[in-house]
Amino acid sequence: FPVTIRLLKERRLNAVASMNELTPRELDLIEILVEREGDIVPYGFLMERMKNENGPLNRKHLGVVIHNFRKKLLNGYQIIGVRGEGYVLQEITVY
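*Asks:* It is not clear to me how the sheet that holds strand β2 (residues 77-82) should be interpreted in this structure. Could you clarify?
*Replies:* Pairing between the strands of a sheet is mediated by backbone hydrogen bonds and can be parallel or antiparallel. Across the sheet, three strands lie side by side as β1-β3-β2; this open sheet has antiparallel pairing. One side of each edge strand has no neighbouring strand; the edge strands of this open sheet are β1 (41-42) and β2. Direction of pairing for β2 relative to strand β3 (residues 86-91): antiparallel, over a ladder of six bridges. Counterpart to valine 82 in the pairing with β3 is glycine 86. Across the sheet, helix α2 (residues 24-35) lies against β1, β2 and β3, angled at about 70 degrees from β3, the strand it touches most.

Structure (structure tokens):
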């Protein structure tokens, strides 16, 4: 059962961005955003979860990671900044 969940998660991640082109921080970011797709992910939550041996990110560095990651998103997805709150990953639907 856990293997099935992991495979579905990997398939979902690959649908959003090309995994082999991402930096370690971008991999952390996509995993968090996909887990909470459609929901606003608060800045503080992202910065804490994306920390490394140097500690958590600051807000400016998070913005740089988001900016670079947006260029690598596949068609059909977007990251929206919600002023004062955080970011949300959304699938773009065209009618």
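*Asks:* Explain the environment of glycine 86 to me, please; I cannot follow it from the model alone.
*Replies:* Summarising the element assignment, glycine 86 is placed in strand β3. Distance in space between the C-alpha atoms of glycine 86 and proline 42 is 4.2 Å, their sequence separation being 44 residues.

*Asks:* Please explain the nonpolar core as it appears in this structure.
*Replies:* The nonpolar side chains of a soluble globular protein tend to be buried, and buried together. Formed by 21 residues in total, the largest nonpolar core has its most connected members in Leu29, Leu46, Met50, Leu62 and Ile79. Sorting the residues of this core by element identifies α2, α3 (43-49), α4 (59-70), β2 and β3 as the ones contributing at least two each. Broken down by element, this core gets its largest block of residues, five residues, from α2. Setting aside residues no more than four positions away along its own chain, isoleucine 79 makes contact with Leu33, Ile66, Phe69, Arg70, Leu73, Tyr87, Val88 and Leu89.

Rules of the game
Residues numbered from 1 in each chain as written. Predicted model: local features only at pLDDT ≥ 70, side-chain atom pairs only at ≥ 80, totals over all residues. Heavy atoms only, no water. Pairing = 2+ DSSP bridges. Helix = DSSP H or I, 4+ residues; strand = E, 2+ residues; numbered from the N terminus. Contact = heavy atoms within 4.5 Å. Axes fitted to C-alpha atoms, helices over the stretch in contact; angles between N-to-C directions. Core = buried A, V, L, I, M, F, W, Y, C linked by side-chain atoms within 4.5 Å. Buried < 20%, exposed > 50% of the residue type's maximum accessible area, 1.4 Å probe, protein only.

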